[in-house]
Amino acid sequence: GGETVGRRSAVLGALFLGALAASAPKAYAAASGADLEQYTDAADRYSVAFPSGWGKSTKSGASVLYTDPAQKFNTVGVIVVPARIQKIEQFGTIDFAATKLLAAEKAKPITQASSVLSTRTFDMPTGTAYEIEYEVTTDYGTKTNMAIVTVANGKLYNLNVQYGQNGYYGETSPELIATIKKVLSSFTILPV
């Protein structure tokens, strides 16, 4: 009923807020094309690549977080939380999920504007996933976030990659964008 949907909205909203907070510092200035290293979490059952040279950090709520030593606002992070739903579609449509992401950003006092750049629904071996790309302009500049969200193994997984566009968040490059695309395509949920 409505209470279940409301709870799901609150849980996913909190997850997205956590992902946004977790992604706040870290990425890699891939000036000459970054090599990638693989990280596998056997307990939470996922694997993701990250740029070589990025440092591993800890942040409340993040299963793993890597940060660019050259620009602390470039990050790759994964959040994993228990889920009562069996597939992402039970939470809502991709547009609904994107709306929740933007609402979380707009709630931050420093946010001036936020907008969805693109969305894509695709199949992973373990089920459907949502990819949401969105841009946020804050008091400090503009940053782009790419999120992949899916449900499998009784858990909700959120890969969040953040990189700066301008201002305090730093500049981007074609090499960094190419590296980010490789990171996103590397994200795998391991079946139980």
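Above this text sits the structure in question.
First, a word on scope: everything that follows refers to the structure included in this document.

What counts and how
- Residues numbered from 1 in each chain as written.
- Predicted model: local features only at pLDDT ≥ 70, side-chain atom pairs only at ≥ 80, totals over all residues.
- Heavy atoms only, no water.
- Helix = DSSP H or I, 4+ residues; strand = E, 2+ residues; numbered from the N terminus.
- Buried < 20%, exposed > 50% of the residue type's maximum accessible area, 1.4 Å probe, protein only.
- Contact = heavy atoms within 4.5 Å.
- Polar contact = N/O pair within 3.5 Å; in protein donor to acceptor, adjacent residues only side chain to side chain.
- Pairing = 2+ DSSP bridges.

**A word on the overall build of the protein chain**
Step number 1: When you go through the protein chain residue by residue, the secondary structure sums to three helices and ten strands.
Step number 2: Secondary structure of the protein chain in N-to-C order comes out as α-β-β-β-β-β-α-β-β-β-β-α-β.
Step number 3: Counting over 192 residues, the protein chain shows a buried share of 49%.
Step number 4: Within the protein chain, contacts between residues separated by at least 24 positions form 60% of all contacts whose residues are at least 6 apart in sequence.

**Thoughts on the side chain of Ser47**
Step number 1: Relative to the elements of secondary structure, Ser47 occurs in strand 2 (residues 46–51).
Step number 2: Under the relative-accessibility criterion, Ser47 is labelled buried at 8%.
Step number 3: A distance of 2.6 Å separates a polar atom in the side chain of Ser47 from a polar atom in the side chain of Gln38.
Step number 4: Contact partners of Ser47, with chain neighbours within four places excluded, come to Gln38, Tyr39, Thr40, Ser186, Phe187 and Thr188.

**Some thoughts on the pairing of strand 8 (residues 141–152)**
Step number 1: With twelve of twelve residues buried, strand 8 is to be regarded as a mostly interior element.
Step number 2: Side chains Gly141, Lys143, Asn145, Ala147, Val149 and Val151 of strand 8 all project onto a buried face; the interleaved residues Thr142, Thr144, Met146, Ile148, Thr150 and Ala152 project onto the opposite face, where all are buried too.
Step number 3: Direction of pairing for strand 7 (residues 127–138) relative to strand 8: antiparallel, over a ladder of ten bridges. Each residue of the ladder has a partner; that of Thr137, found in strand 8, is Thr142.
Step number 4: From the end of strand 7 to the start of strand 8, which pair antiparallel, there are two residues.
Step number 5: Two strands pair when backbone bridges link them, and strand 8 and strand 9 (residues 155–167) are joined in this way by twelve bridges, in the antiparallel orientation. Bridge pairing in strand 9 places Thr150 opposite Tyr157.
Step number 6: The antiparallel hairpin formed by strand 8 and strand 9 contains two residues in its connecting segment, where Asn153 sits at a positive phi of about 55°.

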